[in-house]
Amino acid sequence: MKIARFSHNDGIRYGILDDDELVVLAGDPMFAGYETTGERVPVGDVALLAPVIPRSKVVCVGRNYHDHAAEFGNVAPEEPLLFLKPNTSVIGTGDTIVRPAISERTEHEGELVAVIGRIAKNVSAENALDYVFGYTVGNDVTARDLQRKDGQWTRAKGFDTFCPLGPVIETEFDPSTARIETRVNGEVRQQAPLTDMIHSVADIVAYASAVFTLLPGDVIMTGTPAGVGEITAGDTVEVEVTGLGTLRNPVRDAAPIS
């Protein structure tokens, strides 16, 4: 089922997507289950929000597609290459990506995202998917010039608005049958089957859980295929994953630093 987090009548609620309506849930289904209120709300009457605000962290995987590693002259790592984004970087579909004034080149990176549903520590790859609540779409927005300048990735990937997520969480999803595609102003920039990932979702969850405890609501961004590129003010970025929908965000420049 597809779970949405949305704003309606000055409140934030959760619902199950049913065609063009949302079946309103009594609470956050990750913690309260799927009890409904009996209310239905047209999708057109709500503002979709990021389907989850990570409780503690956004875990990301770098260079998880051979072609993406190669386009920057890198060798794909033998183990998942982990880094973190702060949860303050998260925005939802329709929200604006803001290019920071201190960066001269901001780029898109469309990704499949796994949402953790149970506390996970030192789980095996064989059992790892039991800890995944569902999947959504993400964009690992990156200030590429700052990434190169710093030599590590925290600043370049951690700006506010640099982690769009959405539009919904799908609880029943098979990555082995899906494709990802990123478009800028309708032009296809990235496309690949998710089977091109070097490290599977299960392997990444297991590997990450050996480093730090994964909490319900944490998300794991699983890497991006080749074709990353610049986004500028006035652009619209769309990341689509088969079965999960399309994450769509406009882009603007931040006000100059005075």
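Throughout this description, residue numbers start from 1 for each chain and increase along the sequence as written. Where local features are concerned, this predicted model is filtered to residues with pLDDT of at least 70; where side-chain atom pairs are given and counted, the filter is 80 or more; whole-chain, interface and lining totals use all residues. As a rule here, side-chain values cover all heavy atoms of the structure and leave hydrogens and water aside.

Remarks on the sheet that holds strand β16 (residues 187-193)
Heads up, the rule is: By this definition, two strands are paired if DSSP reports at least two bridges between them. Helix and strand assignments come from DSSP, with helices taken as H or I runs of at least 4 residues and strands as E runs of at least 2, each series counted from the N terminus. Helix axes are fitted only over the stretch in contact, all axes being lines through C-alpha atoms; the angle between N-to-C directions runs from 0 to 180 degrees.
Read from one edge to the other, the open sheet built from 5 strands follows the order β9-β20-β19-β15-β16, with strand pairing classed as mixed. The open sheet has two free edges, formed respectively by β9 (97-99) and β16, since each of these has just one partner strand. Along the sheet, successive strands turn relative to each other by an average axial angle of 20°, direction set aside. Both strand β15 (residues 179-184) and β16 contribute to a ladder of 6 bridges, which runs antiparallel. The partner of T182 across the bridge, within β16, is Q190.

Description of the nonpolar core
Where we set the bar: Nonpolar cores are built from buried Ala, Val, Leu, Ile, Met, Phe, Trp, Tyr and Cys residues. Side-chain atoms within 4.5 Å join them into one set. Partly exposed residues are those whose accessible area sits between 20% and 50% of the maximum for their type, while under 20% is buried and over 50% is exposed, using a 1.4 Å probe and protein chains only. For this analysis, residues touch if any pair of their heavy atoms sits within 4.5 Å.
Counting 42 residues, the largest nonpolar core has L112, Y135, F173, L194, V205, L214 and V241 as the members making the most contacts within it. Listed by contribution, the elements that provide at least two residues to this core are β6 (58-62), β11 (110-116), β12 (132-139), β15, α5 (201-209), β19 (236-241) and β20 (245-253). Considering every element that reaches this core, the biggest residue donor is α5, with 5 residues. Beyond its immediate sequence surroundings of up to four residues, Y135 is in contact with L112, V113, A114, L129, V168, I169, E170, F173, P175, V201 and L244.

Let's talk about the sheet that holds strand β10 (residues 106-108)
Here we have 3 strands laid out as an open sheet, ordered β13-β10-β18, and antiparallel in their pairing. The outermost strands of the open sheet, each flanked by one partner alone, are β13 (142-143) and β18 (229-231). The pairing of β10 with β13 spans 2 bridges and is antiparallel. Paired with T106 across the strands is A143, a residue of β13.

Structural notes on unusual backbone geometry
Cis geometry marks the peptide bond from G166 to P167, where omega comes out at 5°. Relative to the helices and strands, P167 resides in strand β14 (residues 163-170). At D10, a residue that is not glycine, the phi angle is positive and equals roughly 65°. Residue classification places D10 among the exposed residues on the basis of a relative accessible area of 85%. One non-glycine residue, N185, lies in positive phi territory at about 55°. Relative to the assigned elements, N185 resides in the loop between β15 and β16.

A short note on α5
Within α5, 7 of the 9 residues are buried, which leaves the element mostly enclosed by the surrounding structure. When we look at burial in α5, the residues that qualify are V201, A202, I204, V205, A206, A208 and S209. Those residues of α5 hidden inside the fold are in contact with β6, β7 (81-85), β11, β12 and β17 (219-221).

Details of the packing of aromatic side chains
Formally: Only rings of Phe, Tyr and Trp enter the pairing, Trp through its six-membered ring, and a pair is recorded when the two centres are within 6.5 Å. The plane angle decides the type: under 30 degrees is stacked, over 60 is edge-to-face, the rest tilted. Whether a charge sits over a ring comes down to the Lys NZ or Arg CZ being within 6 Å of the ring centre and within 35 degrees of the ring normal.
With the rule as written, the count across this model stands at 3 aromatic pairs. Look at F83 and W153: their rings are 5.0 Å apart centre to centre, the planes differ by 75°, and that puts the pair in the edge-to-face class. Pair noted here: F83 is in strand β7 and W153 is in the loop between α3 (144-150) and α4 (154-158), with a separation of 70 residues, a long-range link. Judged by relative accessible area, which is 11%, F83 ranks as buried. Arranged with centres 5.2 Å apart and planes meeting at 50°, the rings of Y135 and F173 form a pair that is tilted. Note that Y135 is positioned in strand β12 and F173 in the loop between β14 and β15, a separation of 38 residues in sequence. The exposure classification of Y135 matches that of F173, with both residues buried. Between R118 and the ring centre of Y131, over which it is positioned, the NZ or CZ distance is 4.2 Å.

Topic: the environment of I204
Residue placement: I204 occurs in helix α5. With 96 residues separating them along the chain, I204 and H108 place their C-alpha atoms 22 Å apart. Once you skip the residues sitting within four places of it in the chain, I204 turns out to touch V61, N64, P80, H199, I220 and T222.

A short note on the state of the cysteines
What counts here: Count a disulfide wherever a pair of cysteine sulfur atoms falls within 2.5 Å.
Under the counting rule described, the total for this entry stands at 0 disulfides. Between C163, a cysteine without a disulfide, and C60, which holds the nearest cysteine sulfur, the sulfur-to-sulfur distance is 6.2 Å. Residue class for C163 comes out buried when judged on its relative accessible area of 0%.

Remarks on the side chain of Q147
The cut-off we apply is this: Counted as a polar contact is a pair of N or O atoms within 3.5 Å, where, for protein atoms, one must be capable of donating a hydrogen and the other of accepting one, and residues adjacent in sequence contribute only when both atoms are in side chains.
When you line up the elements, Q147 lands in helix α3. Reaching out from Q147, the side chain makes a polar contact with the side chain of R144 at a distance of 2.7 Å.

So, to be careful, I would describe these as geometric facts and stop short of saying anything about function.
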